Amino acid sequence: MPMRRVSVRITGTVQGVGFRPYVYRLAGELELAGWVRNDDHGVELEVEGGDESIEAFLARLAADAPPMARVERVLSSPRRVQGERGFAIAASARAGEADALVAADAAACPACLTELFDAGDRRHRYPFINCTDCGPRFTIVRGVPYDRPLTTMAAFAMCPACLTEYEDPRDRRFHAQPNACPECGPRARLLAVDGEDAGGGEDAGAAGGDAIAVAARMLSDGAIVAVKGLGGYHLAVRADAEQAVRRLRSRKRREDRPLALMVADLAVAHELALVGPEEAELLVSPARPIVLAPRRDGADVAASVAPGVGELGLMLPYTPLHHLLLADARALGVSALVLTSGNVSDEPIAHLDEEAVERLRPIADALLVHDRPIHMRTDDSVVRVVRVGARPATLPLRRSRGYVPASVGLPVPTPLPLLACGAELKSTLCVARGERAWVSHHIGDLRNWETLRSFRGGAQHFEALFAVCPEVLVHDLHPDYLSTAYALERSGVELLGVQHHHAHLAAVLGEHGEQGPAVGVIYDGSGYGGDATVWGGELLVGGLTGFERAGHLRPVALPGGERAVREPWRMACAWLADASRQSVPAPPARLADRVESERWAAVARIAAEGIASPLTTSMGRLFDAVAALCGLRPEVSYEGQAAIELEALADPDEDGAYEIGWHGGQLDPRATIMAAIDDLAGGASPATVSARFHRGLTTATVRAATEIAAEHGLSLAVLAGGVFQNRLLLEGVAAGLAAAGLRVLTPERLPPNDGAISYGQAAIAAATLGGVSPVAGT
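Please read these numbers as outputs of a predicted model, since none were measured by experiment.

1. Considerations on the overall build of the protein
- Tallying secondary structure elements over the protein gives 23 helices and 28 strands in all.
- Over its C-alpha atoms the protein spans a radius of gyration of 27 Å, differing by no more than 12% from the 28 Å that the globule rule assigns to 778 residues.
- Counting only C-alpha atoms, the protein reaches 90 × 65 × 50 Å along its principal axes.
- Long-range contacts, defined as pairs at least 24 residues apart, comprise 72% of the intrachain contacts of the protein with a sequence gap of at least 6.
- Entry remark: accessible area of the protein is about 27900 Å², with carbon and sulfur atoms responsible for 50%.
- Within the protein, the 97 negative side-chain charges are centred at a point lying 2 Å from the centre of the 75 positive side-chain charges.

2. Focus on the sheet that holds strand β18 (residues 472-476)
- Here 4 strands make up an open sheet; going across it, the order is β17-β16-β18-β19 and the pairing mixed. Each edge of the open sheet is held by one strand with a lone partner, namely β17 (430-439) and β19 (494-498). This sheet shows a mean twist of 60° between the axes of neighbouring strands, independent of strand direction.
- Here strand β16 (residues 408-420) runs beside β17; their pairing, made up of 6 bridges, is antiparallel. When the bridges of β17 are listed, V408 appears paired with A437.
- Here helix α11 (residues 449-465) sits on the sheet and contacts β16 and β17; the angle it forms with β17, its principal contact strand, is near 150°.
- Relative to the sheet, helix α13 (residues 500-511) contacts β16, β18 and β19, its axis offset from that of β16 by approximately 130°.

3. Some words on the packing of aromatic side chains
- Here the structure, examined in full by the defined rule, presents 10 aromatic pairs.
- Measuring from centroid to centroid gives 5.2 Å for F455 and Y486, while their planes differ by 85°, and the two rings are edge-to-face. Placement of F455 in helix α11 and of Y486 in helix α12 (residues 482-489) is noted, with a sequence separation of 31 residues between them.
- With relative accessibility at 6%, the residue Y486 sits in the buried group.
- Residues Y523 and F724 carry aromatic rings whose centres are separated by 5.4 Å and whose planes lie at 10° to one another, so their mutual orientation is stacked. With a gap of 201 residues between them, Y523 in strand β20 (residues 518-528) and F724 in the loop between β27 (716-720) and α22 (727-739) connect regions that are remote in the sequence. With respect to burial, Y523 and F724 carry one shared label: buried.
- An aromatic cluster is present here, built from F138, W438, F462 and F466 joined pairwise through their rings.
- The side chain of R401 reaches across the aromatic face of Y318, ending 3.6 Å from its centre.
- Lying across the ring of W535, R549 places its NZ or CZ 3.9 Å from the centre.

4. A closer look at the nonpolar core
- Residues V305 and L667 are the most contacted members of the largest nonpolar core, which totals 183 residues.
- If you tally residues by element for this core, the top one is helix α21 (residues 686-712), at 9 residues.
- What L667 contacts, discounting residues up to four positions off in sequence, is Y523, L539, H552, L553, R554, M619, I660, G661, W662, A700 and A704.
- Judged by nonpolar contacts, the second largest core, of 38 residues, contains V498, L509, A518 and A763.

5. Describing the packing of helix α15 (residues 569-580) against helix α20 (residues 670-681)
- Here α15 crosses α20 at 105°, and the two axes come no closer than 9 Å. The pairing of α15 with α20 is recorded here as roughly perpendicular in orientation. Residue-level inspection shows W575, L576, D578, A579 and S580 of α15 in contact with α20, the latter providing R670, I673, M674 and I677.
- For the contact of α15 with α20, the residue count by class is 6 nonpolar, 1 polar and 2 charged.

6. Re α12
- Inspection of α12 places S483, T484, Y486 and A487 among the buried residues, and these make up the whole buried set. All buried residues of α12 project into a common sector of 155° when viewed along the axis, lining one side.

7. Here's the deal with the environment of G333
- Mapped onto the elements, G333 comes out in the loop between α9 (320-331) and β12 (336-341).
- Taking the C-alpha atoms as reference, G333 lies 7.7 Å from S220; in sequence the two are 113 residues apart.

8. As for unusual backbone geometry
- That bond from V404 to P405 is cis: its omega, 15°, falls within 30 degrees of zero.
- The residue P405 is located in the loop between β15 (391-398) and β16 in this model.
- Cis rather than trans, the peptide bond between G516 and P517 has omega equal to 10°.
- Looking at where P517 falls in the secondary structure, it is placed in the loop between α13 and β20.

9. Focus: the environment of E639
- Along the chain, E639 turns up in the loop between α18 (619-629) and α19 (641-649).
- For E639, a relative accessible area of 45% puts it in the partly exposed group.
- The spatial distance from the C-alpha of E639 to the C-alpha of A589 is 25 Å, given a sequence separation of 50 residues.
- Setting aside residues no more than four positions away along its own chain, E639 makes contact with R257, L425, K426 and I644.

10. Let's talk about the pattern of salt bridges
- Tallying each qualifying case throughout the model produces 52 salt bridges.
- Its salt-bridge partner being E115, residue R172 comes within 3.1 Å of it at the nearest N-O pair. With R172 in the loop between α4 (160-167) and β6 (188-192) and E115 in helix α3 (residues 110-116), this residue pair connects regions lying 57 residues apart in the sequence.
- Residue classification places E115 among the buried residues on the basis of a relative accessible area of 14%.

11. Re the sheet that holds strand β9 (residues 261-263)
- Strand order in the open sheet formed by 10 strands is β6-β13-β7-β8-β12-β9-β11-β10-β14-β15, with mixed pairing between adjacent strands. The strands lining the two open edges of the sheet, one partner per strand, are β6 and β15. Neighbour-to-neighbour, the strand axes of the sheet open up by a mean angle of 35°, direction not taken into account.

12. As for helix α10 (residues 353-360)
- Along α10, the residues classified as buried are E355, A356, V357, R359 and L360.
- Tucked inside the fold, the buried residues of α10 contact β7 (225-228), β8 (233-238), β13 (366-370) and α11.

13. A word on the side chain of E46
- Relative to the helices and strands, E46 is located in strand β3 (residues 42-50).
- Assessed through its relative accessible area of 11%, E46 is described here as buried.
- There is a polar contact of 2.9 Å between the side chain of E46 and the side chain of R5.
- Every residue in contact with E46, bar those within four places of it in the chain, is listed here: R5, V6, S7, A33, G34, W35, R79, Q82 and F87.

14. Focus: the environment of I606
- Note that I606 resides in helix α17 (residues 597-609).
- For I606, a relative accessible area of 22% translates into the label partly exposed.
- Put simply, I606 and G560 are 46 residues apart on the chain and 8.0 Å apart in space, counted from C-alpha to C-alpha.
- Those residues in contact with I606, other than ones at most four positions away along the chain, are P559, G560, R570, I611 and S613.

15. Quick notes on the packing of α20 against α21
- Where α20 contacts α21, the two axes come as close as 10 Å, and the packing angle between them is 160°. Put simply, α20 runs roughly antiparallel to α21. The chirality of how α20 crosses α21 is right-handed. For the pair formed by α20 and α21, the contact residues are T672, A676, D679 and L680 on the first element and P686, V689, R692 and F693 on the second.
- Considered class by class, the residues forming the contact of α20 with α21 number 5 nonpolar, 1 polar and 2 charged.

16. What about the state of the cysteines?
- According to the stated counting rule, one finds 0 disulfides in the structure shown.
- Lacking any disulfide linkage, C134 is separated from the closest cysteine sulfur, that of C109, by 3.7 Å.
- Looking at C134, the relative accessible area reads 1%, which means it is buried.
- With no disulfide of its own, C630 lies closest to C573 among cysteine sulfurs, the gap being 16 Å.
- For C630, a relative accessible area of 2% puts it in the buried group.

Rules behind the numbers
- Residues numbered from 1 in each chain as written.
- Predicted model: local features only at pLDDT ≥ 70, side-chain atom pairs only at ≥ 80, totals over all residues.
- Heavy atoms only, no water.
- Helix = DSSP H or I, 4+ residues; strand = E, 2+ residues; numbered from the N terminus.
- Rg over C-alpha atoms; globule rule 2.2 N^0.38 Å.
- Contact = heavy atoms within 4.5 Å.
- Areas by Shrake-Rupley, 256 points an atom, 1.4 Å probe, with all protein chains shown as cover.
- Lys, Arg positive; Asp, Glu negative; His and termini not counted.
- Charge placed at Lys NZ, Arg CZ, Asp CG, Glu CD.
- Pairing = 2+ DSSP bridges.
- Axes fitted to C-alpha atoms, helices over the stretch in contact; angles between N-to-C directions.
- Phe/Tyr/Trp six-rings, centres within 6.5 Å; stacked < 30°, edge-to-face > 60°.
- Buried < 20%, exposed > 50% of the residue type's maximum accessible area, 1.4 Å probe, protein only.
- Lys NZ or Arg CZ within 6 Å of the ring centre and 35° of its normal.
- Core = buried A, V, L, I, M, F, W, Y, C linked by side-chain atoms within 4.5 Å.
- Parallel < 35°, antiparallel > 145°, perpendicular 65-115°, else oblique.
- Nonpolar A, V, L, I, M, F, W, Y, C, P; charged D, E, K, R; others polar.
- Arc of directions from axis to C-beta.
- Salt bridge = Lys/Arg side-chain N within 4 Å of Asp/Glu carboxyl O.
- Polar contact = N/O pair within 3.5 Å; in protein donor to acceptor, adjacent residues only side chain to side chain.
- Left-handed = near helix turned anticlockwise from the far one by under 90°.
- Disulfide = S-S within 2.5 Å.

Here it is as structure tokens:
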């Protein structure tokens, strides 16, 4: 048999995920000689053996890779045969700029769970069991390379048994940096709100297993327990106890926003919600996101968990501690827990132990803590399944734990390293160099000081983690965004401003590897427009390097500016005044007894006179107006509440549609406003009005976008912006555009909301700096 030797370079997320021991075992199975090692760029190896064995090795290298590995590229080249015998894992090579990728945190794997519940295993009920196929990664990394001294496990010296596993390439814990056991690893404790031990202390059970059992008993009795997870603290309470959930809402000051549930297993998820195959696949994936699914009638969940919406946000246990807590609770008759972010409303999630005790003491009855530090605060990810044409697709609503820090490719490589600073709400940041961009975890609302501090720290961490020393900072055009202020205060860098809705368009193009041109339907709450007004219902034509505004929603006053976002009745007043051509229209019946007549008249006058009432084309505010006209939400307690409840209310059996005009480059909903008023006055239900509004807007959007595409000779359409978190609108518009012959791109790796703005900014900057010519017509 002819002998052959090849050198192989593997790039992607291939360090800290068991890739080298996998290569070692694969080479042994195929009787190949050689070596494998980590270096600054990923994994490098050489193998020698028979030609057929080499080909089989190369074919399986990426196909059979470990669960946490993400192979981006495999490059091989011939080498001179050396007659080598045996295969070895060589010492890591560190020479230049680090380019190896850090893995995302991954849910506990089946092998570790088997050991966790095996009474004869030395890690029985150990809450921090892990291996190279699972466990913490991003949330414990302090620096690169990904070695134990640069993680929050540095203080825990491995015992002889763990060290033997760590050094054995045949063991699945070979070089598993968080490897530990009850003898040498982190421990869990249950604390009372005064910080004293509350039972099941640190020396009890398997390094905290008894503390978990005590916490489960407290939850069964209706207590609120703060639980330290992977990326921060959660607040837990039993999901079927109405009074306990109300008490949590009151203490947390979270009036209405839906609360996430952690359920014991997939069977419980099916009992509570209509979980299809795609939702089930997401629930059991290593990322373990919160998955939105329609709530079943009669689901044993307190009404206060998700008021006003028809979906439940479900997730499965993802840490060993969660698995133990849910198993112990289930033994006491509790199979689902509310598990919501450990914070007071609008604050970032608590992740440092002292801060958690201080901030969560007024909310929780006890705290289930442990002594493995969390370095990077990271919220749970949130996704839903939608249908884009004939296929199901994942729509991320929040991209964070389990997905970050996986890189997203750039359609045009950036010639200069850059940092994109994103927007202000649902903030993320993005660093990029070469062909890769790294979008941060969800950071939140930068108007909160603690969140802004987290943003600044996140920028430093991502720059260090991915060896990006930015020469260019990209920012939104809004002069008052704190992310813009951050960019402007950094010295020694080139600055590039990017229009908000152009960034939305570019984000979807970029994640699909496209440059444009496309017709972009960008619907959101607000963004600083090119004419210094508030945009938000935009029809754009463009690509990465430019755009033109081909159409938009009819402008209307935004009475009181930001107050109109919190008080949707103001938008109902503004739209009704515009539609009825009355400067001070009478309030409709469903608002007349909920808004004082003097306030209504005053708002109508300031809108008519343009006092503190900038013009806006915001589609989000149109949804607010219709919801308020229906009597749903004159005022809201969280962003998007009125629109979310309006979507949930829509009657699926209603096939009527309101008329929204399309002329002169404007979508004109005035006829819709008047028809909704008339229908409600005539006895139509808000559910009927909601359905007719959704269908009318869908039809008008498809008509406008297809006409624009035809006029510009385009075959590609993009849907983006936070309004497209609405499943009815997204699926309806996507289906209509596809039926018209357009290829439709929707967000699949990044959210449609402002969480994708930083990546869109990076994609635009890369193409601009790379000298890509503007697309025709832009």
